Amino acid sequence: MKETIVRVDFEGHSGAKLSARLDTPSGPVRAYALFAHCFTCSKDLVAVRRLASELSRSGVAVLRFDFTGLGSSEGEFASTDFSSNVADILSAAAFLRERYEAPSLLIGHSLGGAAVLAVAKDVPEAKAVVTIGAPADTGHVLKNFDSSLSEIEARGEADVTLAGRSFRIGKKFVDDVRATHLADAIARMKKPLLVLHSPVDAVVGIENATTIFTSAKHPKSFVSLDKADHLLTNPDDAEFAAQVIVGWAGRYMRRDTPQGTENVEHVRVTETGAGKFQNAVQAGRHRLFADEPESVGGLDTGPSPYDFLSMALGACTSMTLRMYADFKKLELGRVSVDVSHAKVHARDCEECSDEERSNGGKIDRFERVITVDGEVPEALADKIEEIANKCPVHRTLEARAKVKTVVRTGA
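Residues numbered from 1 in each chain as written. Predicted model: local features only at pLDDT ≥ 70, side-chain atom pairs only at ≥ 80, totals over all residues. Heavy atoms only, no water.

A. Structural view of the overall build of the chain. What the chain contains, in helices and strands, is 13 helices and 15 strands. Dimensions of the chain, computed from C-alpha atoms along their principal axes, come out at roughly 90 × 45 × 40 Å. Across the 411 residues of the chain, 47% fall into the buried class. If you take every contact in the chain between residues at least 6 apart in sequence, the share linking residues at least 24 apart comes to 63%. When the accessible surface of the chain is split by element, carbon and sulfur atoms take 49% of a total near 21,500 Å². (Helix = DSSP H or I, 4+ residues; strand = E, 2+ residues; numbered from the N terminus. Buried < 20%, exposed > 50% of the residue type's maximum accessible area, 1.4 Å probe, protein only. Contact = heavy atoms within 4.5 Å. Areas by Shrake-Rupley, 256 points an atom, 1.4 Å probe, with all protein chains shown as cover.)

B. Structural detail: empty space enclosed by the protein. Tallying each qualifying case throughout the model produces four cavities of 30 Å³ or more. Within this model, the largest cavity holds a volume of roughly 80 Å³. Lining the largest cavity we find 13 residues, and of these Cys38, Phe39, Phe67, Leu70 and Asn85 sit closest to its centre. The element best represented in the lining of the largest cavity is helix H3 (residues 111-119), accounting for three residues. Looking at the lining of the largest cavity residue by residue, the class counts come to seven nonpolar, six polar and no charged. Empty space within the second largest cavity amounts to approximately 40 Å³. Taken together, Ile186, Met189, Lys190, Lys191, Pro192, Ala216, Lys217, His218 and Pro219 form the lining of the second largest cavity. A class-by-class count of the residues in the lining of the second largest cavity yields five nonpolar, one polar and three charged. (1 Å grid on protein atoms, 1.4 Å probe; cavity = no way out; pocket = protein on both sides within 12 Å on 5 of 7 lines; lining within 4 Å. Points joined across faces, edges and corners; volume = space filled by probe spheres on them. Nonpolar A, V, L, I, M, F, W, Y, C, P; charged D, E, K, R; others polar.)

What follows is the structure, encoded as structure tokens:
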């Protein structure tokens, strides 16, 4: 796919157009996930974006959408209830099924977590379910209405202020959440469940995680989010939650294809849309981020391009020495290679030829320090530098390789 974040929309339960984002991996998709956000939140909540970004880096395409009447979606929020949220999730699952692939992973945050628990049995392709800070009883949300609840009961609707924003809530919503019983749905869904919850969650208490966990059948897992708040506003908490989800759900997703199984091998690098410089990198089944330090405007979520180049030189050096030692049947201790990169004036480069120094300007200089644990065999001691210089990456760097560029545009 050309983009990492694809803007899409689909028809919700009421016919209203729902706004969504599909965060896609830079390489092959291992699984599609459907993410349901918290009550009155949106798909663009910072924690949701971070979770989707981390999941997409691991090969998971994540569809996050705004429920009817929220965010950029059409419709009247006042006419919705918990059951309509569940219906919107089914609409989202149908959209993925028709346009891409049915979701094999359902993830829900807060009331969205309760919604995916309620709907899991109705998405047959879903292989696993994850909740984050979810209530065990949908009526829990009514605690946020304070004095407005009595007004809703008396007048049929009222404006409720939540997180500094005003929402029109109808009696239909109140009656629906009171009538919904999750325990039976949790017991009947018969899908692996991961419960993520913070013991200091001041919005949805940790006792809710206990109830959800005990209501579910095995296989089920619980992971504490330690000191995280309900909205995972700390980036480290959102990243940790995403990494746990990826690690846990790995067995329910397709495996990435190892490098070397195809005739043509290549690395794919794609912008993620997060931060100014962050890119998702895939080489075979290996996925990671490339980024720049915060000091130059990056997020510092991965090595810089020159770090990757230094890694290539260091790894190639170590591997080349190991191959030589094994070929010669020499005992060689563990090899470590430290590589640093700098741009220096050519005239200050001791390793450069007279011609290179006379050209002036600056050149790229890599300094490589090789360390070997223990004693080095006499037959190898004088050859370490010579063998290291034969590493293919070393030769490539010194040979000034050519780069052919092909530009593709359009859809």
